[in-house]
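# Residue-level structural notes
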Amino acid sequence: MTGWLERYEYRTEITWWIFLATGIATLLIALLTISYQAIKAAVRNPVKSLRSD
């Protein structure tokens, strides 16, 4: 596999910080989404939700 990849003329290096930044961005998006949904559920009036069910 290494020999096959070395035949390519153009190569790029992937550094460790790219994986770290991607992981942090993913966690941030997940936290923001969960927080938004939790706040939206906490502010909603439970009586209206129970009447519609």
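Quick note: structure is the one above.
None of the values given here were measured: they were computed from a predicted structure.

Definitions and limits used
Residues numbered from 1 in each chain as written. Predicted model: local features only at pLDDT ≥ 70, side-chain atom pairs only at ≥ 80, totals over all residues. Heavy atoms only, no water. Patch = residues over 30% accessible without salt bridge, like charges linked within 9 Å, V, L, I, M, F, W, Y side chains within 5 Å. Areas by Shrake-Rupley, 256 points an atom, 1.4 Å probe, with all protein chains shown as cover. Salt bridge = Lys/Arg side-chain N within 4 Å of Asp/Glu carboxyl O. Helix = DSSP H or I, 4+ residues; strand = E, 2+ residues; numbered from the N terminus. Buried < 20%, exposed > 50% of the residue type's maximum accessible area, 1.4 Å probe, protein only. Phe/Tyr/Trp six-rings, centres within 6.5 Å; stacked < 30°, edge-to-face > 60°.

A contiguous nonpolar patch, built from I14, W16, W17, I18, F19, L20 and I24 and spanning about 840 Å² of accessible area, is present on the exposed surface. On the secondary structure map, F19 appears in helix α2 (residues 16–43). Given the relative accessible area of 59%, F19 is considered exposed.

Right, let's talk about the packing of aromatic side chains for a bit. Tallied over the entire structure, the rule returns 1 aromatic pair. Relative to Y8, the ring of W4 lies with its centre 5.6 Å away and its plane at 80 degrees, an arrangement referred to as edge-to-face. The exposure class assigned to W4 is partly exposed, which follows from its relative accessible area of 43%.

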